[in-house]
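# Observations on the three-dimensional arrangement
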Amino acid sequence: MSTAATDPRRSVPRTDAVLADPRLEAAVAELGPRIVKELVVAALGRVRGAELPAGQVVPAVLEALPHNASGMVPVINATGVLLHTNLGRAALSDAAVASVVAASGTTDVEFDRATGTRARRGRGALAALAQAVPEAGGVHVVNNGAAALVLAATVLAAGREIVVSRGEMVEIGDGFRLPDLLASTGARLREVGTTNRTALADYVDAVGADTGLVLKVHPSNFVVRGFTASVPVADLAPVLRERGVPLVADLGSGLLRRHPLLPDEPDAATALRAGADLVTGSGDKLLGGPQAGLMLGGAELVERLRRHPLARALRVDKLTLAALEATLRGPVAPVVRALEVDADELRARAERIAQSVRDSGCEPAVVPVVVPSAGAVGAGGAPEQPLPSWAVQLPSRWARPLREGTPSVVGRVERGALLLDLRSVQPEQDAALIRALGSLVTASADSPPPAAR
Ligand SMILES: *Cc1c(COP(=O)(O)O)cnc(C)c1O
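Chains are numbered independently. Their residues run from 1 in the order of the written sequence. Residues qualify for local features only when their pLDDT is at least 70, as the model is predicted, and side-chain atom pairs are given and counted only at 80 or more; totals for whole chains, interfaces and linings, by contrast, use all residues. Side-chain descriptors were evaluated using all non-hydrogen atoms of the structure, hydrogens and water having been removed beforehand.

An unreviewed UniProt entry annotates the protein as L-seryl-tRNA(Sec) selenium transferase of Angustibacter luteus. Under the UniProt heading Catalytic activity (unreviewed entry), the entry covering the protein gives this text: "L-seryl-tRNA(Sec) + selenophosphate + H(+) = L-selenocysteinyl-tRNA(Sec) + phosphate". UniProt positions are given in the numbering used here, feature names are shortened, and annotations may be inferred rather than shown by experiment. As stated in UniProt under Sequence similarities (unreviewed entry), the record for the protein gives "Belongs to the SelA family."

This is the structure:
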């Protein structure tokens, strides 16, 4: 054989020629030429490296095509954590998804079709929020919970003091700390009390002419136990009202009204009734909607927030407004359904899933078993509230291929085993979960085992 015939570089097709292959036509139409071209270039690189026969370029590209042009992959959340920040927190309801799709083109988000003139942006979502919490005289929505705090701090306390308990100086995750966030607005933090105990007198002593606001932060991702004391909104509010100092309560979770299963989780309606001037929370935590910062409070105060120039920079997208309105008005959000589902039901679903894996003929070493598990709310909500659950237990070496498979499944590795916890899996996803497990059983029957890949 001559060198020419064995040198793979000699037989590398041209990128343009591969891109013009009719088998890639649909992909180019759906995803655009850029994404497909990148994959073609990568595949041709493998041909040059003699890792791929030249004739396999198109099949390799087809295999590597992403789900959609964004490359963001849908993941089945089997961690048992209802609101997993790394997995995008709350899943939207079908009704919310449909509303997002409807709003994604040009839409009347800020337009009155009757008069043909400008209308209040997102009025449907705002009306739905106001209706859900009649205790609020005014409502406003910004980009997220952090943005809500920034807007409140800027409007009420820039260049002045924010009085906050040392027991409520919270890091919300990924290194972001509320005290730093508040200080970034130009407000000065005036810490009162201690880590474990803060009394009403501590607040009263600190409040003065320079106080812009007093902030109550819900310790949403930790608990302090033992010799502790904090001051409830109901005790603080009348004292501050006398002194003309606004009280802002950062609830974190975005719970609008009390939920019987979450007795310790503060909610907007209760905090407002207790006398808070403003409450803030996230849209994508326990409300189960899109990422958003909910602001509810007195009509005048909310109007001040809304009219501040910074409000324009924190403005929410029409897609958010659409999803928020549908979450508020539509069927029960997936996260609330997952919170309320009966553990026995989870057990039955886990049994069905395990049985289907056994039926598909997995090797004896990986026979799935159904085990009791403990789910959690997650993402800054009800840190101490256990959610009884059931899980399908598998060898931990299945974790990675399941994560990387299609559909992608993310479980929880605990004491050397992989748990697929049904508490955070929507019932409509069970079939896809079974498919993901089935394709793995087939793959492992064909060898190599998952761990080797
Ligand atoms: C989650 C949380 C925030 C931040 O809300 P985002 O919507 O993530 O910006 C602020 N405060 C508390 C108490 C939280 O739990």
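It is worth spelling out the overall build of the protein at this point. Runs of E in the DSSP output that reach at least two residues are strands. Runs of H or I that reach at least four are helices, and both are numbered from the N terminus. Broken down by element type, the protein carries 19 helices and 17 strands. With the C-alpha coordinates aligned to their principal axes, the bounding extent of the protein is approximately 95 × 55 × 45 Å. Exposure is judged per residue with a 1.4 Å probe applied to protein chains only, and the accessible area is read against the type maximum: over 50% gives exposed, under 20% gives buried, and values in between give partly exposed. Across the 453 residues in the protein, those meeting the buried criterion constitute 47%. Contacts are residue-level and defined by heavy atoms, with any inter-residue pair within 4.5 Å sufficient. Long-range contacts, defined here as pairs at least 24 residues apart, represent 73% of the contacts in the protein between residues at least 6 apart. By element, 53% of the accessible surface of the protein is carried by carbon and sulfur atoms, the whole surface being about 22,000 Å². Of the side chains in the protein, 48 bear a positive and 48 a negative charge, and the two mean positions are spaced by 4 Å. Working definition of accessibility: Shrake-Rupley area with a 1.4 Å probe, residue cover restricted to the visible protein chains. Counted as positive: Lys and Arg. Counted as negative: Asp and Glu, with His and the chain ends omitted from the count. Charge positions come from single atoms, namely NZ of Lys, CZ of Arg, CG of Asp or CD of Glu.

It is worth spelling out the pattern of salt bridges at this point. Throughout this description, the term salt bridge denotes a Lys or Arg side-chain nitrogen within 4 Å of a carboxyl oxygen of Asp or Glu. Counted according to the given criterion, the structure contains 25 salt bridges. A salt bridge links arginine 400 to glutamate 404, with the shortest nitrogen-to-oxygen separation between them at 3.3 Å. Linking arginine 400 with glutamate 404, this pair stays in helix α18 (residues 399–404), spanning four residues, or about one helical turn. Among the residues examined, arginine 400 registers a relative accessible area of 46% and is labelled partly exposed. On the accessibility criterion, glutamate 404 (57% relative accessible area) is exposed. One salt-bridge network, held together by shared partners, links Glu110, Arg118, Arg121 and Arg315.

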